[in-house]
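# Structural characterization, general
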Amino acid sequence: MENRDTTDGAAAVRRARFGRLPARIRYEDMVEEKAVTTNDPARHAHDPERSWTSFSCLAVDLGL
């Protein structure tokens, strides 16, 4: 069996290293708020030349 002094010494070292939890982080410090951009209709407009890049289709992938 171990010596009681060795166990207490190891416990003291653990307590010194891990004995206290880190300070709590407030919710306000974890959240980042950004302003919303204005709606740009041109961004969501239909472009027939590039419409094929927006969809994934197995038939197109296979060249059928």
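You'll find the structure just up there.
### Examining the overall build of the protein
A tally of helices and strands in the protein yields three helices and zero strands. Starting at the N terminus and walking to the C terminus, you meet the elements of the protein as α-α-α. Counting all 64 residues of the protein, 2% fall into the buried class. Of the roughly 7200 Å² of accessible surface on the protein, 54% is carried by carbon and sulfur atoms.

### Considering the pattern of salt bridges
On inspection of all chains with the given rule, the structure shows one salt bridge. A salt bridge links Arg26 to Asp29, with the nearest nitrogen and oxygen atoms 3.3 Å apart. The exposure class assigned to Arg26 is exposed, which follows from its relative accessible area of 52%.

### Concerning a nonpolar patch on the surface
Among the surface-exposed residues, Ile25, Tyr27, Met30 and Val31 lie close enough to one another that they form a single nonpolar patch of about 460 Å² accessible area. Following the sequence through the fold, Val31 ends up in the loop between helix H2 (27–30) and helix H3 (58–62).

Cut-offs used in this document
- Residues numbered from 1 in each chain as written.
- Predicted model: local features only at pLDDT ≥ 70, side-chain atom pairs only at ≥ 80, totals over all residues.
- Heavy atoms only, no water.
- Helix = DSSP H or I, 4+ residues; strand = E, 2+ residues; numbered from the N terminus.
- Buried < 20%, exposed > 50% of the residue type's maximum accessible area, 1.4 Å probe, protein only.
- Areas by Shrake-Rupley, 256 points an atom, 1.4 Å probe, with all protein chains shown as cover.
- Salt bridge = Lys/Arg side-chain N within 4 Å of Asp/Glu carboxyl O.
- Patch = residues over 30% accessible without salt bridge, like charges linked within 9 Å, V, L, I, M, F, W, Y side chains within 5 Å.

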